[in-house]
Amino acid sequence: DSQMNMVDQNVMTIEQKPAVHRTVGRIQTNMPLYPQVIQSTLSWIDTQRDHMLDQVKSLCEINSYSANAPGVNRYLDHVEPTLRALTDDIERIKLNPVKSIDDNGREVTTIVGDALLARARRDAPFRVLLNIHSDTVYPESDPFPIKQIDENTLNGPGVIDARGGLVVMLTALKALEQSKLAPF
């Protein structure tokens with residue numbers, strides 16, 4: 001077993017001890033990180049491969065071009081139930097229109113989709129912020145094809161940025177919540 005001491009926010013040391021001890025600012029917690037807990041959590045994540053692949057494909061089928069507010073909101077409608085399985089503390093935020101300059105040098109105002117803010121364990125002594133965008137750069141007129149190249153490769157709009165990233169984040173959160181690490 002290892003112990004990690006967070007000396008400050010930029011330096012971490014590892015020692016051979018039975019628990020992880022973290023000090024962040026004035027908050028101190030002892031968190032047991034036994035190899036079997038970590039291994040069982042990682043093993044569970046491995047079992048989610050097919051589900052994760054299906055989630056990425058499904059999310060990539062929703063055109064959420066930045067200027068396609070209804071598409072962004074459909075995407076969020078699709079994501080929200082997965083978040084609700086982790087927490088009921090979810091807020092849908094209406095964003096203000098965005099001003100930009102078009103190719104002809106004119107100012108244009110674009111209505112954009114909403115944002116989701118999900119919070120869990122607000123009183124936890126150690127918290128993590130995960131942030132990801134919900135729009136893509138492919139306009140509504142794009143055919144938006146998703147292709148599975150081989151067993152390990154998907155190609156399509158948003159597969160990496162940021163559909164795949166969101167699926168990884170949600171899977172990691174679910175793994176953490178059902179592990180013995182969750183109270184921390």
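Everything below is about the structure shown above.
Residues numbered from 1 in each chain as written. Predicted model: local features only at pLDDT ≥ 70, side-chain atom pairs only at ≥ 80, totals over all residues. Heavy atoms only, no water.

Draft legend 1. Spatial organisation of the overall build of the protein chain. Helix and strand counts for the protein chain stand at four helices and 10 strands. Counted from the first residue to the last, the protein chain has its helices and strands arranged as β-β-β-β-α-α-α-β-β-β-β-β-β-α. Burial analysis of the protein chain (184 residues in total) assigns 30% to the buried set. Put simply, of all contacts in the protein chain between residues at least 6 apart along the chain, 54% involve residues at least 24 apart. Accessible area for the protein chain stands at about 12,100 Å²; split by element, carbon and sulfur atoms hold 53% of it. (Helix = DSSP H or I, 4+ residues; strand = E, 2+ residues; numbered from the N terminus. Buried < 20%, exposed > 50% of the residue type's maximum accessible area, 1.4 Å probe, protein only. Contact = heavy atoms within 4.5 Å. Areas by Shrake-Rupley, 256 points an atom, 1.4 Å probe, with all protein chains shown as cover.)

Draft legend 2. View of the pattern of salt bridges. A complete count under the given rule lists 11 salt bridges for this structure. For R49, the salt bridge is made with D50, and the minimal N-O distance between the two is 3.6 Å. With relative accessibility at 35%, the residue R49 sits in the partly exposed group. Note on D50: relative accessible area 52%, which makes it exposed. The salt bridge involving D114 is made with R92; its shortest N-O contact spans 3.2 Å. In this pair, D114 sits in the loop between β7 (107-110) and β8 (115-119) while R92 sits in strand β5 (residues 89-93), placing the two residues 22 residues apart along the sequence. Taken together, the shared-partner salt bridges connect D77, E80, R84, R92, K94 and D114 into one network. (Salt bridge = Lys/Arg side-chain N within 4 Å of Asp/Glu carboxyl O.)

Draft legend 3. Molecular detail of the pairing of β7. Pairing of strand β6 (residues 98-101) with β7, which is carried by four bridges, proceeds in the antiparallel orientation. Paired with S100 across the two strands is V108, which belongs to β7. As consecutive antiparallel partners, β6 and β7 are separated by five residues, and within that stretch G105 has a phi angle of approximately 80°, a positive value. (Pairing = 2+ DSSP bridges.)

Draft legend 4. Summary view of the nonpolar core. Counting 17 residues, the largest nonpolar core has V56, L59, Y75, V79 and L166 as the members making the most contacts within it. Sorting the residues of this core by element identifies α2 (49-60), α3 (69-84) and α4 (159-178) as the ones contributing at least two each. Every residue in contact with L59, bar those within four places of it in the chain, is listed here: Y75, H78, V79, R163, L166 and V167. (Core = buried A, V, L, I, M, F, W, Y, C linked by side-chain atoms within 4.5 Å.)

Draft legend 5. Seen up close, the side chain of D114. The buried category is assigned to D114, whose relative accessible area is 7%. A polar side-chain atom of D114 sits 3.2 Å from a polar atom in the side chain of R92. At 3.2 Å, the side chain of D114 forms a polar contact with the side chain of K94. Those residues in contact with D114, other than ones at most four positions away along the chain, are V72, N73, L76, R92, I93, K94, L95 and S134. (Polar contact = N/O pair within 3.5 Å; in protein donor to acceptor, adjacent residues only side chain to side chain.)

Draft legend 6. Focus on α2. Here α2 contains 12 residues, and its C-alpha end-to-end distance of 17 Å stays within 8% of the 16 Å for a straight helix at 1.5 Å per residue. Buried residues along α2 sit against α1 (35-47), α3, β9 (147-150), β10 (153-155) and α4. (Expected span 1.5 Å × (residues − 1).)

Draft legend 7. The packing of α3 against α4, seen in detail. In the contact formed by α3 and α4, the axes pass within 11 Å of each other and the chain directions differ by 15°. Put simply, α3 runs roughly parallel to α4. The hand of the α3/α4 crossing is right-handed. Packed against α3, whose contacting residues are Y75, V79, T82 and L83, the element α4 presents R163, L166 and L170 at the interface. Its residues placed into classes, the contact of α3 with α4 shows five nonpolar, one polar and one charged. (Axes fitted to C-alpha atoms, helices over the stretch in contact; angles between N-to-C directions. Parallel < 35°, antiparallel > 145°, perpendicular 65-115°, else oblique. Left-handed = near helix turned anticlockwise from the far one by under 90°. Nonpolar A, V, L, I, M, F, W, Y, C, P; charged D, E, K, R; others polar.)

Draft legend 8. The arrangement of α3 in detail. Here α3 is 16 residues long and its end C-alpha atoms lie 22 Å apart, about the 22 Å a rise of 1.5 Å per residue gives. Of all the bends in α3, the largest measures some 25° and sits at H78, one to four residues before the proline P81. Listing the buried residues of α3 in full gives A69, G71, V72, N73, Y75, L76, V79, E80 and L83. Contact partners of the buried residues in α3: α2, β5, β8 and α4. A distance of 2.9 Å separates the backbone nitrogen of G71 from a side-chain oxygen at the start of α3, and that oxygen is part of N68. (Bend = angle between axes of the 7 residues up to and from the residue.)

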